[in-house]
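Residue-level structural notes
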Amino acid sequence: MSILVLNSGSSSLKFALLDPESGEVGLSGLAERLGTPEAAVRLERGGERQTRTLAGGSYAEAFGVLLTELAAFGLRDAVSAVGHRIVHGGERFSAPVRLTPEVLDAVRACIPLAPLHNPANLAGVEAAQRAFPELPHVGVFDTAFHQTMPPVAYRYAVPEAWYREHGVRRYGFHGTSHAYVAERAAELLGRPLAELRLVTAHLGNGSSVCAVDGGKSVDSSMGLTPLEGLVMGTRSGDLDPGLHEYVAGQTGLALGGVMRALNKESGLLGLSGLTNDMRELEAAAEGGHAGARLALDVFVYRLARYVAAMGVALGRIDALVFTGGIGENSALVRSRTLERLGLLGFGVDEAANARTVRGEAGHISAQGRVPVLVVPTNEELMIARQTAQVVAEAGQE
Ligand code: ADP
């Protein structure tokens, strides 16, 4: 049994065909820069990699490459279901669900909450349903894991009608990743997830921390949209809501322009004036670049502040988990964050920290300190497992 997992973005398509039990990947690929002349898809099968340029650069063309490759390797008939990553499920979805026409209408109703992501996700579902009309399609929502947050964590102090009539509240994202690494952390700690209070830090281009109590999300640093919280690659994270009006007045930018700058030109890129890429920033900081140093400092400071804040949601912290491209690879960010968290009992084992990179999982905390783990995330596997589970449950009914 193989599950095809699709993550359809506005300019990208990530896919993987995998066995939900063993995690074995039959074929995977990433199409990027769709809609531009540089569009290309990178494919991987059995350790072999190849890149195809996409002459037209469209999503449909990238999807066509996926279908051709599946057929060429004789994998088409092995696909038993398709799992789709969907960013925003609003308050309606707290678990993965079969994508029926009625469910798709509900996902469409969430478009105003995620105007960039949900339309791209839906376009992916439509393409896949056309290509695989006989198969079950399942939606796995980034927000679903956080639907267990209590009102104290998810309500904003704004007029109640905004919540009631327009769904203005905190939702949280990266749920699939936080849920996966929390489960893996419990295995690595050799303790039942049900008795653990964990802080998970997913640090990639987008970043968020989550408080996980007994396997359930009780708080997240992301809010109504993925803009809230930590400093990210190009997103600002937290700021004063009064800033929008002030900046618009000073610069002449309309609200849309301010929002664009906060999403695309801020974060590590904005602070450093150099790059949104942590690896490049680390090299530049090492070379003495003042902007790169500041960007790293603010990133680490905000992260440490949020880990401490998650302690309030949990009452105690049994372990801290790092994941995502930065969390899995940047020994520097981890070490500096733990340095700032000494008051909560954290301390780093520098040797263990330095060698836990590039997909390694392991403990990086100093002896006698609060456990800190690095756990490579695997959102594709989590989506495949949840898809298989929804299909199996439907079969039993
Ligand atoms: P996405 O959120 O798009 O999935 P990733 O999880 O792949 O992104 O994370 C990308 C980030 O991880 C980039 O900032 C990149 O520089 C950073 N990263 C990857 N490898 C390293 C490394 N060896 N050291 C520091 N940062 C790294």
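For the structure, see preceding data.
Here we summarise the structure given alongside this text. (Residues numbered from 1 in each chain as written. Predicted model: local features only at pLDDT ≥ 70, side-chain atom pairs only at ≥ 80, totals over all residues. Heavy atoms only, no water.)

With respect to the helices, strands and loops of the structure, D219 is situated in strand β11 (residues 216-220). By relative accessible area, which is 15% here, D219 ends up buried. Between the C-alpha atom of D219 and that of A153, which follows or precedes it by 66 residues, the distance is 5.7 Å. What D219 contacts, discounting residues up to four positions off in sequence, is M149, A153, R170, V209, C210, A211, M310 and A313. At 3.1 Å, the side chain of D219 forms a polar contact with the side chain of R170. (Helix = DSSP H or I, 4+ residues; strand = E, 2+ residues; numbered from the N terminus. Buried < 20%, exposed > 50% of the residue type's maximum accessible area, 1.4 Å probe, protein only. Contact = heavy atoms within 4.5 Å. Polar contact = N/O pair within 3.5 Å; in protein donor to acceptor, adjacent residues only side chain to side chain.)

Time to look at the sheet that holds strand β7 (residues 97-98). Across a sheet, paired strands are connected by hydrogen bonds in the backbone, their directions being either parallel or antiparallel. Strand order in the open sheet formed by eight strands is β5-β4-β3-β2-β1-β6-β8-β7, with mixed pairing between adjacent strands. Of all the strands in the sheet, just β5 (48-53) and β7 have a single pairing partner and so form its edges. In this sheet, strand β4 (residues 40-45) lies alongside strand β3 (residues 25-32) in antiparallel orientation, the contact comprising five bridges. Across the sheet, the residue bridging to E32 is A40, located in β4. Packing of helix α15 (residues 379-396) onto the sheet brings it into contact with β1 (2-8), β2 (13-18), β6 (79-86), β7 and β8 (137-141), and relative to β6 it is tilted by some 120 degrees. (Pairing = 2+ DSSP bridges. Axes fitted to C-alpha atoms, helices over the stretch in contact; angles between N-to-C directions.)

Another aspect to go through is the site of the ligand. Taken together, 13 residues are adjacent to the ligand, and N205, D277, M278, R279 and G325 come closest. With respect to the ligand, the side chain of N205 contributes an N or O atom lying 2.8 Å from an oxygen atom. In this structure, M278 approaches the ligand through a main-chain N or O atom, which is 3.0 Å from an oxygen atom. In isolation the ligand exposes 580 Å². Once the protein is present, 69% of that is buried. The set of elements that each furnish at least two residues to the shell around the ligand consists of α10 (278-286) and α12 (324-329). It is α12 that provides the largest number of residues to the shell around the ligand, a total of four residues. (Near = heavy atom within 4 Å. Areas by Shrake-Rupley, 256 points an atom, 1.4 Å probe, with all protein chains shown as cover.)

Take the layout of surface pockets next. In this structure, the second largest pocket occupies an estimated 430 Å³ of space. Considering the residues around the second largest pocket, the lining is formed by 24 residues, among which S94, A95, P96, A144 and Q386 are closest to the centre. If you list the elements that add at least two residues to the lining of the second largest pocket, you get β8, α6 (175-189), β11 and α15. The biggest single contributor to the lining of the second largest pocket is α15, with six residues. Counted by class, the lining of the second largest pocket contains eleven nonpolar, nine polar and four charged residues. (1 Å grid on protein atoms, 1.4 Å probe; cavity = no way out; pocket = protein on both sides within 12 Å on 5 of 7 lines; lining within 4 Å. Points joined across faces, edges and corners; volume = space filled by probe spheres on them. Nonpolar A, V, L, I, M, F, W, Y, C, P; charged D, E, K, R; others polar.)

A word on the pattern of salt bridges. Within this structure, the stated rule accounts for 20 salt bridges. Across the pair D297 and R336 runs a salt bridge, and its minimum N-O distance is 2.5 Å. With D297 in helix α11 (residues 290-314) and R336 in helix α13 (residues 331-340), this pair connects stretches of sequence that are 39 residues apart. Look at D297 and you get partly exposed, because its relative accessible area is 34%. (Salt bridge = Lys/Arg side-chain N within 4 Å of Asp/Glu carboxyl O.)

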